[in-house]
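The chain contents come next:
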Amino acid sequence: MTVSFSLELPTQRVEAVDEFVTAEAIADIARVAEASGFGAVHVTDHPAPDAKWLDHGGHHALDPFVALTFAAAATTDVKLLTNVYIAAYRNPFLGAKSIQSLAALSKGRLILGTAAGYLKPEFKALGIDFDRRGALLDEALEVLDKVFTGADIAYEGTSFAARGVRLRPLPDTPPPVWIGGNSKTAVRRAVARAQGWAPFNTFGCAAASRTAEISTIDELERAIEWAKQYAAEIGRTAPLDICFSAGNLLDDSKSTDERHAGIARLQAAGVTWLTIAAPGVDRAELIERSRSFAAEFIAA
């Protein structure tokens with residue numbers, strides 16, 4: 001199986017809104033991704049980032065479902081990936097309504113990448129208990145599972161109670177769920193209940209994101225091996241997508257041969273998807289760099 005690639009929609013680039021954060025920009029970049037052979041486009045989720053984080057390497061984000069809906073309307077086949085959606089930030093039924101809506105309107109193109117989250121001030125701004133983020137993620141996933149059965153839902157949550165809730169319309173097929181995060185807890189959650197696992201490149205800054213360090217292929221290989229062992233332990237036989245943020249493993253400081261070798265090694269380890277963020281001072285350059293990457297590493 002070959003590795004598929006997802007191209008970032010650079011909606012965090014608020015220093016150049018007209019170039020990157022408009023309906024036209026999202027449509028242009030999504031169409032280029034589809035035409036160039038990228039398997040998906042992706043965005044992230046930060047509804048209330050704090051200034052300290054933003055001033056020290058953090059980034060803005062549009063609402064992921066709004067942004068991906070604009071991408072969906074401009075394309076026909078490319079997948080739409082939340083990388084990642086923080087389920088604990090929203091009531092599980094509000095979250096399920098957004099997920100259901102985009103999955104239905106895009107005719108099943110949504111891939112729901114989700115995770116527990118790590119930005120403590122953002123949880124506080126939203127009135128969410130940071131220490132319960134894992135339990136809230138599990139609760140949201142349980143509600144989502146029930147939504148996609150089509151049955152009326154009764155569910156006693158930690159801060160809500162549902163009786164006879166019914167969501168329509170449903171997509172023909174529920175979106176695959178990928179669990180993000182590098183910790184063993186995230187791996188267990190992915191292997192036990194999801195279709196994929198999305199570890200991310202920590203670039204040597206694991207402490208800031210409250211997760212395990214994975215910033216080299218060696219570290220990723222060890223984590224994947226642990227995931228395989230856990231799958232065997234619990235008797236999982238279904239395949240598990242593994243989506244990794246390529247980041248500096250594929251940047252221009254490396255030769256083409258080195259990057260091809262890196263992709264081959266990631267594929268051999270079990271990686272099925274890589275997320276790519278193309279550089280560019282403006283939209284035209286970002287599009288050209290995206291096309292060049294696709295020509296070299298996707299079409300080839």
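Residues numbered from 1 in each chain as written. Predicted model: local features only at pLDDT ≥ 70, side-chain atom pairs only at ≥ 80, totals over all residues. Heavy atoms only, no water.

The name given to the chain in an unreviewed UniProt entry is LLM class F420-dependent oxidoreductase, and the organism recorded there is Mycobacterium asiaticum.

A. Geometry of the nonpolar core. If you look at the biggest cluster of nonpolar residues, it comprises 76 residues, and the most contacted ones within it are Phe5, Leu9, Trp197 and Leu274. If we skip the residues at most four places from it in the chain, Leu9 touches Ile26, Ile29, Ala30, Val41, His42, Val43, Leu68 and Ala71. Counting residues in hydrophobic clusters, the runner-up holds 10 residues, among them Val84, Ala88, Leu119 and Leu136. (Core = buried A, V, L, I, M, F, W, Y, C linked by side-chain atoms within 4.5 Å. Buried < 20%, exposed > 50% of the residue type's maximum accessible area, 1.4 Å probe, protein only. Contact = heavy atoms within 4.5 Å.)

B. Focus on the side chain of Thr82. By secondary structure assignment, the location of Thr82 is in strand β3 (residues 79-86). Looking at Thr82, the relative accessible area reads 0%, which means it is buried. Once you skip the residues sitting within four places of it in the chain, Thr82 turns out to touch Val43, Pro64, Phe65, Leu68, Leu110, Ile111, Leu112 and Gly113. (Helix = DSSP H or I, 4+ residues; strand = E, 2+ residues; numbered from the N terminus.)

C. Structural context of the pattern of salt bridges. Tallied over the full model, the rule gives 13 salt bridges. One salt bridge connects Asp28 with Arg31, and the closest N-O pair in it is separated by 3.2 Å. Here Asp28 pairs with Arg31, and both are found in helix α2 (residues 23-36), just three residues apart, close to one helical turn. For Asp28, a relative accessible area of 21% gives the class partly exposed. In this structure, the salt-bridge partner of Arg193 is Asp145, at a minimum N-O distance of 2.7 Å. Taken together, the residues span a long stretch of sequence, with Arg193 in helix α8 (residues 184-193) and Asp145 in helix α7 (residues 133-147) at a distance of 48 residues. By relative accessible area, which is 29% here, Arg193 ends up partly exposed. You can call Asp145 partly exposed: its relative accessible area is 45%. (Salt bridge = Lys/Arg side-chain N within 4 Å of Asp/Glu carboxyl O.)

D. Quick look at helix α5 (residues 92-105). With 14 residues, α5 should reach 20 Å at 1.5 Å per residue; the first-to-last C-alpha distance of 20 Å fits that figure. A distance of 2.7 Å separates the backbone nitrogen of Phe93 from a side-chain oxygen at the start of α5, and that oxygen is part of Asn91. One or two positions beyond α5, positive phi appears at Lys107, with a value near 60 degrees. (Expected span 1.5 Å × (residues − 1). Polar contact = N/O pair within 3.5 Å; in protein donor to acceptor, adjacent residues only side chain to side chain.)

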